[in-house]
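# A closer look at the structure
In case you want the letters, here they are:
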Amino acid sequence: MDKHEGRDAGTIRLDDPWYDALAVGWGEGEGAGVGEGSGGAPGGGAETSPPSSGPGGAPARAASDIYLEVQRSAAFQEVRGRYRRFVVPATAGFFLWYVAYVIAATTAPGMMARPVFGSVNVALLAGLGQFLSTFLLTWAYARHARLRRDRAALDLRWTVFEQEQVRRADAGERTRARGAGR
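For the structure given in this document, a descriptive report is provided here. (Residues numbered from 1 in each chain as written. Predicted model: local features only at pLDDT ≥ 70, side-chain atom pairs only at ≥ 80, totals over all residues. Heavy atoms only, no water.)

### Looking at the packing of aromatic side chains
By the definition in use, this model includes two aromatic pairs. Judged by centre distance (5.9 Å) and plane angle (50 degrees), the ring pair of phenylalanine 86 and tyrosine 141 falls under tilted. With a gap of 55 residues between them, phenylalanine 86 in helix α2 (residues 74–107) and tyrosine 141 in helix α4 (residues 122–180) connect regions that are remote in the sequence. Tyrosine 141 gets classed as partly exposed once you look at its relative accessible area, which sits at 34%. Between tryptophan 158 and phenylalanine 161, the ring centres sit 5.6 Å apart and the planes meet at 90 degrees, which makes this aromatic pair edge-to-face. Here phenylalanine 161 and tryptophan 158 lie together in helix α4, a separation of three residues that amounts to about one turn. (Phe/Tyr/Trp six-rings, centres within 6.5 Å; stacked < 30°, edge-to-face > 60°. Helix = DSSP H or I, 4+ residues; strand = E, 2+ residues; numbered from the N terminus. Buried < 20%, exposed > 50% of the residue type's maximum accessible area, 1.4 Å probe, protein only.)

### Regarding the pattern of salt bridges
Within the structure shown, the criterion is met by three salt bridges. We note a salt bridge from arginine 82 to glutamate 78, for which the minimum N-O separation is 3.0 Å. Of this pair, arginine 82 and glutamate 78 both sit in helix α2, four residues apart, which is roughly one turn of the helix. On the accessibility criterion, arginine 82 (17% relative accessible area) is buried. For arginine 168, the salt bridge goes to glutamate 164, with nearest N and O atoms at 3.5 Å. (Salt bridge = Lys/Arg side-chain N within 4 Å of Asp/Glu carboxyl O.)

### Focus on the packing of helix α1 (residues 63–72) against α2
Between α1 and α2, whose axes approach to 4 Å, the crossing angle comes to 60 degrees. Judged on the interaxial angle alone, α2 and α1 are oblique. Across the interface between the two elements, Val70, Gln71 and Arg72 of α1 pack against Ala74, Phe76 and Gln77 of α2. Split by residue class, the contact of α1 with α2 holds three nonpolar, two polar and one charged. (Axes fitted to C-alpha atoms, helices over the stretch in contact; angles between N-to-C directions. Parallel < 35°, antiparallel > 145°, perpendicular 65-115°, else oblique. Contact = heavy atoms within 4.5 Å. Nonpolar A, V, L, I, M, F, W, Y, C, P; charged D, E, K, R; others polar.)

### Quick notes on the nonpolar core
Judged by nonpolar contacts, Ile66, Val70, Ala75, Val79, Ala152, Leu156 and Val160 together constitute the single largest core of seven residues. For this core, the secondary structure elements donating two or more residues are α1, α2 and α4. For this core, the element with the most residues is α4, which contributes three residues. (Core = buried A, V, L, I, M, F, W, Y, C linked by side-chain atoms within 4.5 Å.)

Here it is as structure tokens:
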């Protein structure tokens, strides 16, 4: 997703489409819908307006359809794949390093007590190495996310945001049309 095609080729939108957006159902007035159950109680998960047809008689898209479409997209699968290709080996490596430290500390106390210099022994250096490896892994994860996933994930967020705006606009038109027909 690093390369763009079409009229926006070469431009990258780094702003977040949902940074200033209200959470669904939080002060949106009429048609907040998602997240409200029957009687407007939160948590029901159903939309308040029944699904109806959009322009030209086509069925209106529900928010869940948009998210399922994005989840099935090649771009989403690529972002998830990049995430897994980093996280699985990094987690396994860090876990093995931690288990090796614990096993060495319990099964080879003589080796861990061996002085390296002054009163600093192997166990102390390995313990400090645990902290150092935690910080290094955190840095590597943040760098990997910034360089390999954030841009593609933000593109996906914009795609969903734009589809949500279209869906909400269509729902608003249907609501106004129903009100005018009464």
